[in-house]
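# Per-entry structural report
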Amino acid sequence: MAVRRTDRPGERRCSESGFAAFVDAWRSALLSRRTFLAQAAAASAAALFPLSSRATAGAADSTSTAGQLGPAQWRTLAAVQAHLFPAAADSPGAADINALDYLRAVLAGPALDADEKAFIVNGVGWLEDIAREQTGAAFTALDAGQREVVLRRVEKSSAGETWLANILLYIFEALLCDPVYGGNPEGVGWKWLQHQPGFPRPPADKIYGRL
Amino acid sequence: MNTDFDVCVVGSGAGAGPVVLTLAQAGYSVVVLEKGPWFTDKDFYKDEIACCRRSTYTPSLRDERHVIEDLDDAGEWVGESTHASGWDWWNGNCVGGASNFMSGFFHRLKPDDFRLLSAYGPIEGANIADWPIGYDELEPFYDKVEKVVGVSGRVVPHPHLEPRSSKDFPYPPTREHVIAGWIDAACRDLGLHPFPVPRAILPHPAAGRRGCEYSGYCGSYGCASGAKGSSRAALIDAALRTGRCKVIPRAKVHRLVSDRSGRVVAAEYFDAAGDTRRVDALIYVVACQAIETARLLLYSTGPRHPHGLANGSGQVGRNLVFSAGGSGSGDFPYARFDKAKAEALKVRGPFVNRALQDWYVIDDPALGGRVKGGTIDFLFRHPNAIARANSQKWGEDGLVWGMPLKEKLEAYFTAARYLRFEVFCDWLPTDDCFVSLDPQVKDKWGTPVARIRIGYHPHDLKIGRYLAARAEKVLVRMGADNVHSSVSAWPPPNLVAGGCRFGKNPGTSVLDPDCRAHEVENLFVSDGSFMPTGGSVPYTWTIYANAFRVAERIVDQLGGPRKA
């Protein structure tokens with residue numbers, strides 16, 4: 001009787017907010033969110049992130065809990081964000097919207113599971129490996145053209161695509177959240193996109209995690 | 001009998017509020033056990049992160065999840081937990097339930113929806129059944145909802161307008177966006193009959209609530225003004241003022257305890273600290289939304305109920321229905337209009353408030369003759385900025401980033417307005433759409449979670465596509481670009497009913513025509529679970545109306561209004 005669905009789920013009707021995370025997962029090779037995380041954290045990480053020697057080396061460090069990123073890795077992440085969301089004369093870039101600090105707060109906060117955090121953290125290491133293997137240099141040392149080539153290579157694996165989709169999602173949050181969360185300082189993202197926020201706006205003691 | 005309360009209500013959403021208010025006003029003591037926290041109007045802000053990007057009004061999927069069972073490519077039913085998929089099935093777990101976050105598109109069912117089998121005949125593979133009551137019996141309660149919850153609108157005759165006992169709505173329509181007039185003009189050019197969508201939103205202050213403040217963010221958000229007719233703002237707050245209602249938030253009822261006679265003798269719940277507690281009452285009312293209601297009954301086995309409370313027929317959880325249909329949209333580039341019109345189009349706040357029910361019944365040889373159709377509602381794309389931006393990161397060949405992404409975002413946000421439509425048609429009940437208890441996955445309290453098989457009937461897609469194609473023609477007539485739609489068989493988790501059918505036959509239904517369990521004389525179910533078929537409109541108005549009807553039966557069973 002029932003037939004396998006072929007369409008992707010659309011926008012949620014009536015409540016209208018969409019369910020971006022699910023659709024993201026769906027877009028990414030029809031694997032669901034945690035199936036990725038499970039695979040990315042297991043020995044098959046090599047298959048998902050095939051160019052990274054760290055992933056190929058085995059599960060040991062990728063199954064560890066979300067390790068702390070060192071200063072160099074934060075610089076790598078900042079460089080990725082700046083490449084994905086560059087500043088321009090009339091529009092804010094990743095640094096202008098506090099994207100790195102915003103992501104730091106998300107990784108330190110209660111929203112994500114440990115394996116979701118580990119996936120974001122480990123992705124930085126995998127990216128660094130791929131950059132070195134492809135170019136012989138650190139990602140941060142590459143010019144824009146080389147960065148583009150490396151990131152497009154990352155995107156070719158489904159885990160890499162999911163990782164980049166995640167980084168972009170938190171850039172959008174930093175761009176368009178209420179400034180009370182630390183992104184979108186003085187509404188710079190809203191102003192650029194002529195977005196009119198709703199009211200009343202949240203005071204600092206009534207935001208996610210404090211309600 | 002000496003009990004803690006006269007009536008114990010499990011849940012506090014649309015199925016609960018009318019019971020709570022009616023019983024408290026009739027002089028009975030009522031306890032409301034709500035799993036989630038208790039937010040008030042003062043806790044609701046237009047905060048996309050809290051509202052829609054994180055689990056603030058719903059449980060974390062780490063703690064509480066569902067298992068969704070779908071067909072795999074090999075034709076086997078395979079379950080996947082929502083924690084794994086990220087597909088969140090919670091709709092609002094707090095005092096007032098999902099009604100806090102509804103858009104309040106309020107449509108009544110039509111008389112034919114109460115007799116789908118007799119009016120349209122059987123469909124192979126679908127468990128269609130007539131309701132044991134007719135529209136006439138529910139009409140006074142639809143009317144009561146208009147007045148008590150507060151429904152704003154304007155009656156405009158159209159071919160499928162249902163009979164009404166009041167001439168018009170007690171509240172005039174909420175303010176309308178200029179595009180409503182454009183929709184009207186296009187529809188009339190096409191020979192159609194657009195009408196203003198009734199909304200459970202107060203246009204002006206009344207009943208101790210403020211009127212709508214037109215922030216432009218309604219669906220998915222809690223209402224800060226109290227204008228939205230949530231069960232909390234419109235009913236439970238009023239019940240509390242009687243002094244006979246007690247709400248216990250963070251009280252997760254996991255089991256209704258029954259004795260050897262089969263009667264319910266206690267509701268057992270975990271309190272905020274995780275300790276097990278019990279309350280008892282003369283009558284128990286379950287209203288946890290269809291899926292959780294079925295789960296609670298299935299888990300509540302007892303000496304006379306070995307397969308779950310009131311489940312001697314094996315019908316608990318069966319014939320779950322959603323709303324079939326889909327949605328579509330069209331673009332209105334500002335550059336197409338003169339400055340004044342473009343500025344009018346940009347205005348945020350007022351509502352679109354237009355619907356079409358010209359095809360509520362379809363008589364078209366292409367569909368094999370006279371069949372049940374549905375409703376088309378028009379609305380703007382939701383203003384949530386992060387969700388909108390996130391939808392722009394996918395291009396034809398994967399992710400878009402860098403300057404191309406920024407150009408795409410800027411064009412998407414600043415160059416056009418997007419008018420959407422939503423199609424609502426019957427989700428036919430089938431043997432492949434039901435709730436059971438998952439054999440493995442448990443919630444944080446160690447109770448089995450609901451496992452939901454989401455099979456559907458292909459007929460639903462046929463009707464949905466028929467309606468979507470006609471809605472597209474309206475957008476084309478309006479001059480929209482990029483008109484497209486998507487009709488899918490993915491169930492919308494927020495538009496759910498059935499699972500505890502009401503009927504006259506205890507062998508084929510769980511509840512009697514008064515929504516009392518056939519097998520348990522002091523147990524009522526007052527949420528959308530009772531519906532044998534769902535109709536072709538969102539459910540909330542019908543749930544409210546039926547819960548007011550059930551509340552009167554409960555008052556009768558308790559001996560009528562208690563004298564002061």
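With that settled, consider the overall build of chain A. Assigned secondary structure in chain A consists of 10 helices and zero strands. For chain A, the N- to C-terminal ordering of α and β elements is α-α-α-α-α-α-α-α-α-α. In chain A, buried positions account for 43% of the 211 residues. The contacts of chain A with a sequence gap of at least 6 include a subset with a gap of at least 24, amounting to 54%.

So, about the packing of helix H5 (residues 71–84) of chain A against helix H9 (residues 158–176) of chain A. All names here are of chain A. Axis separation between H5 and H9 bottoms out at 11 Å; the angle between their running directions is 75°. By the criterion of interaxial angle, the relationship of H5 to H9 is roughly perpendicular. Packed against H5, whose contacting residues are Val 80, Gln 81 and Leu 84, the element H9 presents Ile 167, Leu 168 and Ile 171 at the interface. In terms of residue class, the contact of H5 with H9 is made up of five nonpolar, one polar and no charged.

Turning to helix H8 (residues 290–299) of chain B, a few remarks are in order. Residues that lie three or four places apart on an α-helix share one face, since the helix turns once every 3.6 residues. Most of H8(B) is tucked away: nine of the 10 residues are buried. Turning to H8(B), its buried residues are Ala290(B), Ile291(B), Glu292(B), Thr293(B), Ala294(B), Arg295(B), Leu296(B), Leu297(B) and Leu298(B).

Here we take up unusual backbone geometry. Residues other than glycine predominantly adopt negative phi, and peptide bonds predominantly adopt the trans conformation. Between Phe199(A) and Pro200(A) the backbone carries a cis peptide bond, its omega angle lying at -5°. Note that Pro200(A) resides in the segment after helix H10 (188–192). Its identity is not glycine, yet Asn319(B) carries a phi of approximately 55°, on the positive side. Its place among the elements puts Asn319(B) in strand E11 (residues 318–321). On the basis of neighbour counts, which here come to 29 C-beta atoms within 10 Å, the residue Asn319(B) falls in the buried class. With phi around 55°, Asn482(B) is a residue other than glycine that occupies positive phi space. Among the structural elements, Asn482(B) can be located in strand E22 (residues 481–487).

Two strands pair when backbone bridges link them, and strand E14 (residues 361–364) of chain B and strand E15 (residues 369–372) of chain B are joined in this way by four bridges, in the antiparallel orientation. When the sheet's bridge partners are listed, Val361(B) is paired in E15(B) with Lys372(B).

Attention now moves to the nonpolar core. One recurring pattern in soluble globular proteins is that nonpolar side chains are buried together. Ranked by size, the top nonpolar core spans 224 residues in total, and within it Ile171(A), Val7(B), Val9(B), Val10(B), Val20(B), Leu23(B) and Val30(B) carry the most contacts. Per-element accounting of this core gives the leading share, 13 residues, to H9(A). If we ignore the near neighbours within four places in the chain, the residues touching Val20(B) are Val9(B), Val30(B), Val32(B), Leu235(B), Ile236(B), Ala239(B) and Cys245(B).

Glancing now at helix H12 (residues 458–477) of chain B. Residues and elements named next belong to chain B. Between its first and last C-alpha, H12 extends 29 Å over 20 residues, near the 28 Å set by a 1.5 Å rise per residue. Taken as a whole, H12 has its buried residues at His 459, Asp 460, Leu 461, Ile 463, Gly 464, Tyr 466, Leu 467, Ala 468, Ala 471, Val 474 and Leu 475. Gly 479 sits one or two residues past H12 and shows a positive phi near 90°.

Now for the sheet that holds strand E24 (residues 523–525) of chain B. All names here are of chain B. With parallel pairing, the five strands of this open sheet are ordered in space as E6-E2-E1-E10-E24. Only two strands of the sheet have a single partner each, and these edge strands are strand E6 (245–248) and E24. Each strand of the sheet is rotated relative to its neighbour by a mean of 20°, with strand direction disregarded. For strand E2 (residues 30–33) and E6, the ladder comprises four bridges, and the chain directions are parallel. Counterpart to Val 32 in the pairing with E6 is Val 247.

Right, let's talk about the pairing of strand E9 (residues 276–279) of chain B for a bit. All names here are of chain B. In terms of strand pairing, strand E8 (residues 264–270) meets E9 through four bridges, oriented antiparallel. Bridge pairing in E9 links Ala 267 to Val 279. Connecting E8 to the next strand, E9, in antiparallel fashion are five residues, including Gly 274 with a positive phi near 90°.

Calculation notes
Residues numbered from 1 in each chain as written. Chains lettered and ligands numbered in written order. Predicted model: local features only at pLDDT ≥ 70, side-chain atom pairs only at ≥ 80, totals over all residues. Helix = DSSP H or I, 4+ residues; strand = E, 2+ residues; numbered from the N terminus. Buried ≥ 20, exposed ≤ 12 C-beta atoms within 10 Å, placed from the backbone. Contact = placed C-beta atoms within 7 Å. Axes fitted to C-alpha atoms, helices over the stretch in contact; angles between N-to-C directions. Parallel < 35°, antiparallel > 145°, perpendicular 65-115°, else oblique. Nonpolar A, V, L, I, M, F, W, Y, C, P; charged D, E, K, R; others polar. Pairing = 2+ DSSP bridges. Core = buried A, V, L, I, M, F, W, Y, C linked by C-beta atoms within 7 Å. Expected span 1.5 Å × (residues − 1).

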